[in-house]
Amino acid sequence: MHELLALELCTLLLTQPTDDSVEVAIEFIKECGYALQDLSPQGSHGIFERFRGILHEGEIDKRTQFMIEGLFAFRKSGFEGKKGVPEELDLVDEDDQIVHEISLDDELEANASLDVFKFDPNYEENEKKYSEVKKEILGEESSSSDESDSDDDDDDDDESGSDHSSDDEPAAAAPTTTQNITDATETNLVNLRRTIYLTIMSSLDFEEAGHKLMQIQLQPGQEIEVATMLVECCSQERTFVRYYGLLAQRFCFISKEYASLFDDVFMKQFSTIHRLETNKLRNVAKFFAHLLATDAMSWTCLAYIQLSEDTTTSASRIFIKILFQELSEQLGLKKLNEKMSEEDMQEYFTGVMPKAPLKNVRFSINFFTSIGLGGLTDRMREHLKKEQEKERERRANASSSSSSSSSSSSSSDSDSSSSSSSDSSSSGSSSSGSSSSSSSQGKNRRRRKRKSKK
């Protein structure tokens, strides 16, 4: 294809740039940029100037901006690894090459019949012709002859070897065993950490450090060492240095893998936060606050925090305090409140802003109020009021049911007392009647005695 088609394609992708179109153009230039620079230097320069203009406009995502910067660095290195067609695939001479001059504005005549299967009655003859053309282009005749010669030599060597082996006594072939040596001292890992540390500390700015760290050849699974060393270096400083946050932010924007790795590092740091000194704890909290404020890493990492009196220590509470105060300074209380109120993320914020039990809700409200972020507790306060009203209604219902049961028991007690009082009155009347009759009999006896005496 003519280089004009590549230039038109890049111009089309960069006329109205979007994140996707710019990313496609970057990958396309990485593949054919060396050839374009050789064939059309002015056109290649114009394309890179357009990339520079898009970078200065700043209307695309930061991740895409970093990719453009990486493209300029790749161009500065001379398109290393993408320098045209490899020698082993450059099989056609320049005189025999046919260059197709096609433009994006040309009307092409599509040969739709090529998409339809047709039976070839002369299939074998056409295949022989194709094989002859293939041999002429790829030079398979010489290679096949060389292979046949080598096969003949191998056959001769095998026959002679078989003769010698038949003459000699049969001997058992000793099996070759390969011994795998495992480095229990982790020397390679220590050397890797030393290299990462020296690279971070010797760089002038975070862009240079990021470029140098990307050049380090890491084995699969060793990317976590970069994230860990960044946090360790940041914690060793006297005060928080924004250099480490910007460097970690660049890695997260370049690859989503580093964003998940920093999520794992956050979990490990928070689980062992009681081992850190106050100064290191402050630096680590501000480091992760920077990544969260710039959306370099996901806010789902807050799911590891369980804010309650039983699950937190003094060190973890200081860490949470510094983390949210730094987020409030960078985002503002209003934006932070909106972020914490997103419905899709509520399942990850239940530990920081719980809804049950009410003991943890009160603790969280008091905690955020004491650190000057009481504006984040509006939803928790409303939830607490609703739960308290429900609890009062339950108590009222329970007291009314108990009062009704006590009134029924009191009425039954009054009925029994009235019956007992009637029984006692009847018995009292009978006893009074008997006493009156006995007194009248006594009086009659006394009268009779007096008459007999007279």
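Residues numbered from 1 in each chain as written. Predicted model: local features only at pLDDT ≥ 70, side-chain atom pairs only at ≥ 80, totals over all residues. Heavy atoms only, no water.

## A look at the overall build of the chain
Secondary structure summary: the chain contains 17 helices and 0 strands in total. Considering only contacts within the chain whose residues lie at least 6 apart along the sequence, 71% involve residues at least 24 apart. Accessible area of the chain: about 30,900 Å², with a carbon and sulfur share of 49%. (Helix = DSSP H or I, 4+ residues; strand = E, 2+ residues; numbered from the N terminus. Contact = heavy atoms within 4.5 Å. Areas by Shrake-Rupley, 256 points an atom, 1.4 Å probe, with all protein chains shown as cover.)

## What about the pattern of salt bridges?
The final tally for this structure, using the stated rule, is 9 salt bridges. A salt bridge links R50 to E57; the shortest N-O distance between them is 3.7 Å. Across the salt bridge formed by R379 and E343, the nearest N and O atoms sit 3.4 Å from each other. Within this pair, whereas R379 is found in helix α17 (residues 378–453), its partner E343 is found in the loop between α14 (333–340) and α15 (346–349), the two being separated by 36 residues in sequence. On the basis of relative accessibility, which here comes to 58%, the residue E343 falls in the exposed class. (Salt bridge = Lys/Arg side-chain N within 4 Å of Asp/Glu carboxyl O. Buried < 20%, exposed > 50% of the residue type's maximum accessible area, 1.4 Å probe, protein only.)

## Looking at the nonpolar core
Ranked by size, the top nonpolar core spans 69 residues in total, and within it F262, F324 and F368 carry the most contacts. The dominant element in this core, judged by the number of residues it contributes, is helix α12 (residues 278–293), at 9 residues. Membership of the second largest hydrophobic core comes to 23 residues, among which are L14, I26, I47 and M67. (Core = buried A, V, L, I, M, F, W, Y, C linked by side-chain atoms within 4.5 Å.)

## Some remarks on the packing of helix α3 (residues 41–57) against helix α4 (residues 62–76)
Packing of α3 against α4 leaves a shortest axis separation of 10 Å and a crossing angle of 145°. Classified by chirality, the crossing of α4 by α3 is left-handed. Of α4, the residues touching α3 (which contributes H45, F48, F51, R52, I54 and L55) are Q65, I68, E69, L71, F72 and R75. Residue composition of the contact of α3 with α4, grouped by class: 7 nonpolar, 2 polar and 3 charged. (Axes fitted to C-alpha atoms, helices over the stretch in contact; angles between N-to-C directions. Left-handed = near helix turned anticlockwise from the far one by under 90°. Nonpolar A, V, L, I, M, F, W, Y, C, P; charged D, E, K, R; others polar.)

## Digging into α12
Compared with the 22 Å implied by 1.5 Å per residue over 16 residues, the 22 Å span of α12 between its first and last C-alpha is a close match. When α12 is considered as a whole, its buried residues turn out to be L281, N283, V284, A285, F287, F288, A289, H290, L291, L292 and A293. Buried residues in α12 make contact with α9 (223–235), α10 (242–254), α11 (256–271) and α13 (314–331). Two residues or fewer past α12, D295 is found with a positive phi of approximately 55°. (Expected span 1.5 Å × (residues − 1).)

## Quick word on the packing of aromatic side chains
Going through the model one piece at a time under the given rule, you end up with 16 aromatic pairs. Between F48 and F79, the ring centres sit 6.5 Å apart and the planes meet at 65°, which makes this aromatic pair edge-to-face. Here the residue F48 occupies a position in helix α3, and F79 occupies one in the loop between α4 and α5 (123–138), the gap between them amounting to 31 residues. Judged by its relative accessible area of 2%, F48 falls in the buried class. The buried category is assigned to F79, whose relative accessible area is 0%. (Phe/Tyr/Trp six-rings, centres within 6.5 Å; stacked < 30°, edge-to-face > 60°.)

## Considerations on a negative patch on the surface
Together, E87, D90, D93, E94, D95 and D96 make up a region of like negative charge exposed at the surface. Along the chain, the position of E94 falls in the loop between α4 and α5. Since its relative accessible area comes to 70%, E94 is described here as exposed. (Patch = residues over 30% accessible without salt bridge, like charges linked within 9 Å, V, L, I, M, F, W, Y side chains within 5 Å. Lys, Arg positive; Asp, Glu negative; His and termini not counted. Charge placed at Lys NZ, Arg CZ, Asp CG, Glu CD.)

## Some details on the confidence of the model for the chain
With 78% of its residues at a pLDDT of 70 or more, the chain has an overall mean of 80. Taken together, the stretch residues 159–174 has pLDDT below 50 and engages in 0 contacts with residues farther than four places along the chain or on a different chain. (pLDDT = per-residue confidence, 0-100.)

## Digging into unusual backbone geometry
Each neighbour pair has its own omega, and for A356 with P357 the value is -10°, a cis peptide bond. Counting through the fold element by element, P357 comes out in the loop between α15 and α16 (358–370). At D295, a residue that is not glycine, the phi angle is positive and equals roughly 55°. Structurally, the position occupied by D295 is in the loop between α12 and α13. The class of D295 is partly exposed, set by a relative accessible area of 47%.

## A short note on the environment of T311
Looking at the secondary structure, you find T311 in the loop between α12 and α13. Only 2.6 Å separates the side chain of T311 from the backbone oxygen of Q306, close enough to count as a polar contact. One polar contact links T311 to S308, side chain to side chain, over a distance of 2.5 Å. (Polar contact = N/O pair within 3.5 Å; in protein donor to acceptor, adjacent residues only side chain to side chain.)

## A look at a nonpolar patch on the surface
A surface patch of nonpolar side chains, about 260 Å² in accessible area, is lined by L9, L12 and L104. Here L104 lies in the loop between α4 and α5. A relative accessible area of 40% means that L104 is categorised as partly exposed.

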